[in-house]
Amino acid sequence: MKDVSRRAHWENVYTTKSENEVSWFQENPAPSLELIDLAQPTPETTIVDIGGGASRLVDSLVARGLRQVTVLDVSEAALATAKTRLGDEPNVQWVAADVTQWKPTQTYDIWHDRAAFHFLTDGSDRAAYVACLKQAIKPGGNGLRLIDARRHEHATPWGAIQRFQFCIFQRSA
């Protein structure tokens, strides 16, 4: 999918629905937090939340004392929802960009993605995503090593069950 149509699609989603009207809404992002905890973050840990948009993960990360959180989303409307909820938060950098086109200006200790990769159905988009991930993760190796994977049954706001798989990887030496 082209950047323009992807952006238009997600802007439409976030301008026509409130944050708790999308199927992936979580009041408490516990599965993500549990996996992030495996990386033993400190206040200085740099973390990027890919497709984080209106997610409440950023709220939890800031509440835990992380001071270098970046939230990237293709939808400015999604980011605006989180910005409004958090207020003027100096520990968060907001980036409106398509991850398949994004050129990170720094490297990160943790790359979090709850579902953005899931929506990339074109092989070239997935390849661009992986290339961006490899560029954005702090140096120390070329490959990725799976640390943990968990299945999670997410209850949508209207009670349907969606099955997710959460994984945490570490850049290997």
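Scroll up to find the structure this text is about.
What counts and how
Residues numbered from 1 in each chain as written. Predicted model: local features only at pLDDT ≥ 70, side-chain atom pairs only at ≥ 80, totals over all residues. Heavy atoms only, no water. Salt bridge = Lys/Arg side-chain N within 4 Å of Asp/Glu carboxyl O. Helix = DSSP H or I, 4+ residues; strand = E, 2+ residues; numbered from the N terminus. Buried < 20%, exposed > 50% of the residue type's maximum accessible area, 1.4 Å probe, protein only. Contact = heavy atoms within 4.5 Å. 1 Å grid on protein atoms, 1.4 Å probe; cavity = no way out; pocket = protein on both sides within 12 Å on 5 of 7 lines; lining within 4 Å. Points joined across faces, edges and corners; volume = space filled by probe spheres on them. Pairing = 2+ DSSP bridges. Axes fitted to C-alpha atoms, helices over the stretch in contact; angles between N-to-C directions. Polar contact = N/O pair within 3.5 Å; in protein donor to acceptor, adjacent residues only side chain to side chain. Nonpolar A, V, L, I, M, F, W, Y, C, P; charged D, E, K, R; others polar.

**Side note on the pattern of salt bridges**
For step 1, the next point in the chain: All chains considered together, the criterion is met by 12 salt bridges.
For step 2, the next point in the chain: For E27, the salt bridge identified is with R56, shortest N-O distance 3.2 Å. You can see E27 sitting in the loop between α1 (3–16) and α2 (30–38) and its partner R56 sitting in the loop between β1 (46–50) and α3 (57–63), a full 29 residues away along the chain.
For step 3, the next point in the chain: E27 sits in the exposed class, given a relative accessible area of 54%.
For step 4, the next point in the chain: Across the pair D109 and K138 runs a salt bridge whose closest N-O atoms are separated by 3.2 Å. A residue pair is termed long-range when its members are at least 10 positions apart, and D109 in the loop between β3 (92–96) and β4 (110–113) and K138 in the loop between α5 (123–136) and β5 (144–155) qualify at 29 residues.
For step 5, the next point in the chain: Judged by relative accessible area, which is 31%, K138 ranks as partly exposed.
For step 6, the next point in the chain: In the salt-bridge network here, residues are joined through shared partners; they are E19, E27, R56, D59 and R85.

**As for the environment of V62**
For step 1, the next point in the chain: Checked against the element boundaries, V62 lands in helix α3.
For step 2, the next point in the chain: Sequence separation between V62 and V92 is 30 residues, and the spatial gap between their C-alpha atoms is 8.0 Å.
For step 3, the next point in the chain: Residue contacts for V62: discarding those within four places in its chain leaves E89 and V92.

**Describing the layout of surface pockets**
For step 1, the next point in the chain: Estimated volume of the largest pocket: approximately 1000 Å³.
For step 2, the next point in the chain: What lines the largest pocket is a set of 35 residues, among which W111, D113, C167, I168 and F169 lie closest to the centre.
For step 3, the next point in the chain: Where the lining of the largest pocket is concerned, the elements lending two or more residues are α2, β4, α5, β5 and β6 (161–171).
For step 4, the next point in the chain: Examining the composition of the lining of the largest pocket, we find that 10 residues originate from one element, β6, more than from any other.

**A short note on the sheet that holds β1**
For step 1, the next point in the chain: Taken together, four strands build an open sheet; the order of strands is β3-β2-β1-β4 and the sheet is parallel. Only two strands of the sheet have a single neighbouring strand rather than two, namely β3 and β4. Averaged over all neighbouring strand pairs, the angle between strand axes comes to 20°, with direction disregarded.
For step 2, the next point in the chain: In the sheet, β1 pairs with strand β2 (residues 68–73) via five bridges, with the strands oriented parallel. Bridged to D49 within β2 is V71.
For step 3, the next point in the chain: This element, α5, spans β1 and β4 of the sheet and lies at about 150° to β4.

**Topic: helix α4 (residues 76–86)**
For step 1, the next point in the chain: Those residues of α4 lying buried are A77, A78, L79 and A82.
For step 2, the next point in the chain: Here α4 starts with a cap whose side-chain oxygen sits 3.3 Å from the backbone nitrogen of A77, and that cap is S75.
For step 3, the next point in the chain: Positive phi appears at G87, one or two residues downstream of α4, with a value of about 75°.

**A few points about empty space enclosed by the protein**
For step 1, the next point in the chain: Counted by the stated rule, this structure contains one cavity of 30 Å³ or more.
For step 2, the next point in the chain: As a volume, the largest cavity reaches approximately 560 Å³.
For step 3, the next point in the chain: Around the largest cavity, the lining is made up of 31 residues, and of these Y14, G51, G52, D73 and A116 lie nearest the centre.
For step 4, the next point in the chain: Going through the elements one at a time, α1, β1, β2 and β4 are the ones with two or more residues in the lining of the largest cavity.
For step 5, the next point in the chain: Along the lines of polarity and charge, the residues of the lining of the largest cavity split into 17 nonpolar, six polar and eight charged.

**Quick notes on the side chain of R6**
For step 1, the next point in the chain: Tracing the backbone shows R6 in helix α1.
For step 2, the next point in the chain: R6 gets classed as buried once you look at its relative accessible area, which sits at 7%.
For step 3, the next point in the chain: A polar contact is formed between the side chain of R6 and the side chain of D98, at a distance of 2.6 Å.
For step 4, the next point in the chain: Within polar-contact distance, the side chain of R6 engages the side chain of D125 at 3.2 Å.

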